[in-house]
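Inside the fold
Here is how the chains run, residue by residue.
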Amino acid sequence: MTITRRSVPTRIAGGALALVIAVGLTGCFANPLDAIVENATEESAKNAAEDVIEGITGGEAGIEFGELPDDFPSEVPLVSENVVQSVTVAEGMMVTVSDPRSVKELAAQVKSDFSDWEQVMWTDQAEMVVGMYKKDETLAVNVGIMAGSDGEDSTVGYTIIRPEAE
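Described in the following lines is the structure provided in the data block. None of these values were measured; they are calculated from a predicted model. (Residues numbered from 1 in each chain as written. Predicted model: local features only at pLDDT ≥ 70, side-chain atom pairs only at ≥ 80, totals over all residues. Heavy atoms only, no water.)

With that settled, the discussion passes to the environment of E118. Counting through the fold element by element, E118 comes out in strand 4 (residues 118-124). With 19 residues separating them in the primary sequence, E118 and E137 have C-alpha atoms 9.4 Å apart. Residue contacts for E118: discarding those within four places in its chain leaves M132, Y133, K134 and E137. (Helix = DSSP H or I, 4+ residues; strand = E, 2+ residues; numbered from the N terminus. Contact = heavy atoms within 4.5 Å.)

Take a look at the structure:
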């Protein structure tokens, strides 16, 4: 077995991307939190999700539905203004948007949007594409694109790593 050592930003970014994907998938699969938030208001569901994230990260978390975080970096381009949700933690933030275009079209848009950034990584597995970009050593962004299922829009998750987190 080979063990690959990764830098702290890479581990944080990877973990955050996994969290974005997991949060995005909860709409499609059974969610263990359903029992907790069943018959709850959106605010109490948001509070429950924040508690889970705070327990995982050990710090404060903020969740918004349909809105960007107040301190979202203006230099990060989004493929769509249709914000599904955002999560803010001390290390950065995660934003998920939806878009009716195909994964291929969205991947081309992301590459174009980030053309003046350094592309650190890009993987394309047809139904899911992941890219990592850096800008002048001041900002790192992971982008994950997932195809929608059963006529649903594709989702694009952005994980933004704050420079002080590195």
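Moving on from the coordinates now.
Turning our attention to the side chain of S86. Positionally, S86 belongs in strand 2 (residues 83-89). At a separation of 2.9 Å, a polar atom in the side chain of S86 contacts the main-chain carbonyl oxygen of E67. (Polar contact = N/O pair within 3.5 Å; in protein donor to acceptor, adjacent residues only side chain to side chain.)

Before going further, it helps to examine the packing of aromatic side chains. Considering all chains together, one arrives at three aromatic pairs under this definition. Considering the side-chain rings of F114 and W117, the 4.9 Å spacing of their centres and the 70° angle between planes classify their relative orientation as edge-to-face. Residue classification places W117 among the buried positions, given a relative accessible area of 7%. Look at F114 and Y133: their rings are 4.6 Å apart centre to centre, the planes differ by 15°, and that puts the pair in the stacked class. Here Y133 lies in strand 5 (residues 128-135) and F114 lies in the loop between helix 4 (103-113) and strand 4, a separation of 19 residues in the sequence. Here the two residues F114 and Y133 agree in accessibility, since each one is buried. Put simply, the rings of F114, W117, W122 and Y133 pair up and form one aromatic cluster. (Phe/Tyr/Trp six-rings, centres within 6.5 Å; stacked < 30°, edge-to-face > 60°. Buried < 20%, exposed > 50% of the residue type's maximum accessible area, 1.4 Å probe, protein only.)

Purely geometric numbers; function is a separate question.
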